[in-house]
Amino acid sequence: MAVINFGSINVDHVYQVDHFVQPGETLASTHYQCLLGGKGANQSIALAKAGADVRHVGRINESDANFKQIMIKHNINCKFVACTESPSGHAIIQVTPSGENAIVLFGGANHEITSKEVMAALDDVKSSDWVLTQNETSAIDEVLKQAKEKGLKVAFNPAPMTESVKQLPFECIDLLIVNEVEAQEISGHSDLDSMAQYFSANWPKSEIIITLGKAGVCMLKNDRRIEVDAFVVDAVDTTAAGDTFIGFFLSAYSQHTDAKTALTRACAASALAVTQVGAAQSIPDEEQVNRFLAKHNC
């Protein structure tokens, strides 16, 4: 079983700051790093670290090919990661001492994925494979449609949330993974009960995961609500917390782990990620997650 991830690859410029810069303000940072990022790359790394067979589909500028090599070193199949002359996607990330972040994103080469590339990447798949995608690349509608035509399970993380998401073929999505804000924008409701009612009525064939930050996570599955509490840790940087959660959950769930166990494992991985600075660099491996769960008697 493999996970084919049609995902962004970004170059993250990370600045440690005392507070988020205000309009008209020039603010000196206390530290700077240039790192591999992008929701797609982060989720592929999390999947690989969680033990999944992951194949990444994406684009990056040829001068940034070293970031592709980083992904390969993480045991990610990058056969369908193309190098291009267009600028790589990148992000300007501010991180405060409390671990909160503010991000300015440029899509770049991530928006050059074509329908033909989607078709090529899905040419040699098995019915047991999963497809994963986010909202940082082009051709998302083609990914969803072609994956379902192949009979594959499809997981979608609509981040960052935009109006275009509402025009996608939702009937192709088997697993929707959203945070509270994204769930509110899709459903039009702000409380969890109303969100659950909306998804039950409007997404009857999909399973829904709503991450709730410090309040944990809720999964809507077959008219049931499965809830798991978050682990309490000292957060340093929340940048890749959601991506870590998705990678570890999907790795376990796609291997037929029961939902609550997979959710607990994903929460543990996410908790470990926020205790480290950076995006991909903060994602733990399987052994670290196992030790963390054992320590918490899970």
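Residues numbered from 1 in each chain as written. Predicted model: local features only at pLDDT ≥ 70, side-chain atom pairs only at ≥ 80, totals over all residues. Heavy atoms only, no water.

## Observations regarding the packing of aromatic side chains
Here is step 1: For the structure shown, the criterion picks out 7 aromatic pairs.
Here is step 2: An aromatic cluster of three or more residues is present, and its members are F170, Y198, F199 and W203. (Phe/Tyr/Trp six-rings, centres within 6.5 Å; stacked < 30°, edge-to-face > 60°.)

## Side note on the sheet that holds strand β12 (residues 217–221)
Here is step 1: Taken in spatial order, the 9 strands line up as β5-β4-β1-β8-β9-β10-β11-β12-β13 in an open sheet, and their pairing is mixed. The open sheet has two edge strands, β5 (77–84) and β13 (224–228), and neither has a second partner. The sheet shows a mean angle of 15° between the axes of neighbouring strands, taken without regard to direction.
Here is step 2: Pairing between strand β1 (residues 2–6) and strand β8 (residues 130–134): 4 bridges, direction parallel. Of the residues in β8, the one forming a bridge with F6 is T133. (Pairing = 2+ DSSP bridges. Helix = DSSP H or I, 4+ residues; strand = E, 2+ residues; numbered from the N terminus. Axes fitted to C-alpha atoms, helices over the stretch in contact; angles between N-to-C directions.)

## What to know about helix α8 (residues 259–273)
Here is step 1: In this model α8 runs 21 Å from its N-terminal to its C-terminal C-alpha over 15 residues, within 8% of the 21 Å that 1.5 Å per residue would give.
Here is step 2: The element α8 is largely enclosed, with a buried count of 13 among its 15 residues. (Expected span 1.5 Å × (residues − 1). Buried < 20%, exposed > 50% of the residue type's maximum accessible area, 1.4 Å probe, protein only.)

## Considering the layout of surface pockets
Here is step 1: Here the largest pocket is characterised by a volume of approximately 1,400 Å³.
Here is step 2: Residue lining of the largest pocket: 45 residues in total, with N179, T238, T239, A241 and G242 positioned closest to the centre.
Here is step 3: Counting only elements with at least two residues in the lining of the largest pocket, the list comes to β2 (10–16), α1 (39–49), β6 (89–95), β7 (101–106), β10 (175–179), α5 (180–187), α7 (241–253) and α8.
Here is step 4: Ranked by the residues each element gives to the lining of the largest pocket, the list is headed by α7, at 5 residues.
Here is step 5: Of the residues assigned to the lining of the largest pocket, the class counts are 23 nonpolar, 14 polar and 8 charged.
Here is step 6: Computed from the structure, the second largest pocket encloses a volume of approximately 260 Å³.
Here is step 7: Taken together, 15 residues form the lining of the second largest pocket, with S206, L220, K221, N222 and D223 sitting closest to its centre.
Here is step 8: When contributions to the lining of the second largest pocket are tallied by element, the ones reaching two or more residues are α6 (192–202), β11 (207–211), β12 and β13.
Here is step 9: Sort the elements by how many residues they give to the lining of the second largest pocket and α6 lands first, with 3 residues. (1 Å grid on protein atoms, 1.4 Å probe; cavity = no way out; pocket = protein on both sides within 12 Å on 5 of 7 lines; lining within 4 Å. Points joined across faces, edges and corners; volume = space filled by probe spheres on them. Nonpolar A, V, L, I, M, F, W, Y, C, P; charged D, E, K, R; others polar.)

## Thoughts on the sheet that holds β7
Here is step 1: On the basis of which strands lie adjacent, the open sheet formed by 4 strands has the order β3-β2-β6-β7 and mixed pairing. Taken across any chain shown, the strands that pair with only one partner, and hence form the sheet edges, are β3 (31–37) and β7. Here the strands of the sheet are splayed against their neighbours by 20° on average, with no regard to which way each runs.
Here is step 2: Across 6 bridges, β6 lies against β7 in antiparallel orientation. Looking at the pairing, I92 lines up with V104 of β7.
Here is step 3: Lying on the sheet, helix α2 (residues 65–73) is in contact with β2 and β3; it crosses β3 at an angle near 65°. (Contact = heavy atoms within 4.5 Å.)

## Observations regarding the state of the cysteines
Here is step 1: Summed over the entire model, instances satisfying the criterion amount to 0 disulfides.
Here is step 2: In this structure C218 is not part of a disulfide, and its nearest cysteine sulfur, from C267, lies 11 Å away. (Disulfide = S-S within 2.5 Å.)

## Details of unusual backbone geometry
Here is step 1: Here the bond from A159 into P160 is cis, since omega is -5°, no more than 30 degrees from zero.
Here is step 2: With a phi close to 55°, N222 is a non-glycine residue in the positive phi region.
Here is step 3: Within the secondary structure, N222 is located in the loop between β12 and β13.

## Focus on α2
Here is step 1: Turning to α2, its buried residues are F67, K68 and M71. The buried residues of α2 occupy an angular sector of 105° when projected down its axis, which confines them to one face.
Here is step 2: Among the structural elements, β2, β3, α1, β4 (53–61) and β5 are those in contact with the buried residues of α2.
Here is step 3: Remark: N75 follows α2 within two positions and exhibits a positive phi of approximately 70°. (Arc of directions from axis to C-beta.)

## Side note on the packing of α7 against α8
Here is step 1: Remark: α7 packs on α8, axes separated minimally by 8 Å, with the N-to-C direction vectors making an angle of 150°. Between α7 and α8, the interaxial angle falls into the category roughly antiparallel. For the pair α7 and α8, the crossing hand works out as right-handed. Contacts between α7 and α8 involve A241, T244, F245, F248, F249, A252 and Y253 on the former and, on the latter, A259, A262, L263, A266, C267, A269, S270 and A273.
Here is step 2: Across the contact of α7 with α8, the residue classes tally to 13 nonpolar, 2 polar and no charged. (Parallel < 35°, antiparallel > 145°, perpendicular 65-115°, else oblique. Left-handed = near helix turned anticlockwise from the far one by under 90°.)

## Quick notes on the environment of I76
Here is step 1: Among the secondary structure elements, I76 is positioned in the loop between α2 and β5.
Here is step 2: For I76, a relative accessible area of 4% gives the class buried.
Here is step 3: A sequence separation of 43 residues divides I76 from Q33, and the C-alpha atoms of the two residues are 23 Å apart.
Here is step 4: The contacts of I76, once residues within four sequence positions are left out, are S44, I45, A48, V54, H56 and M71.

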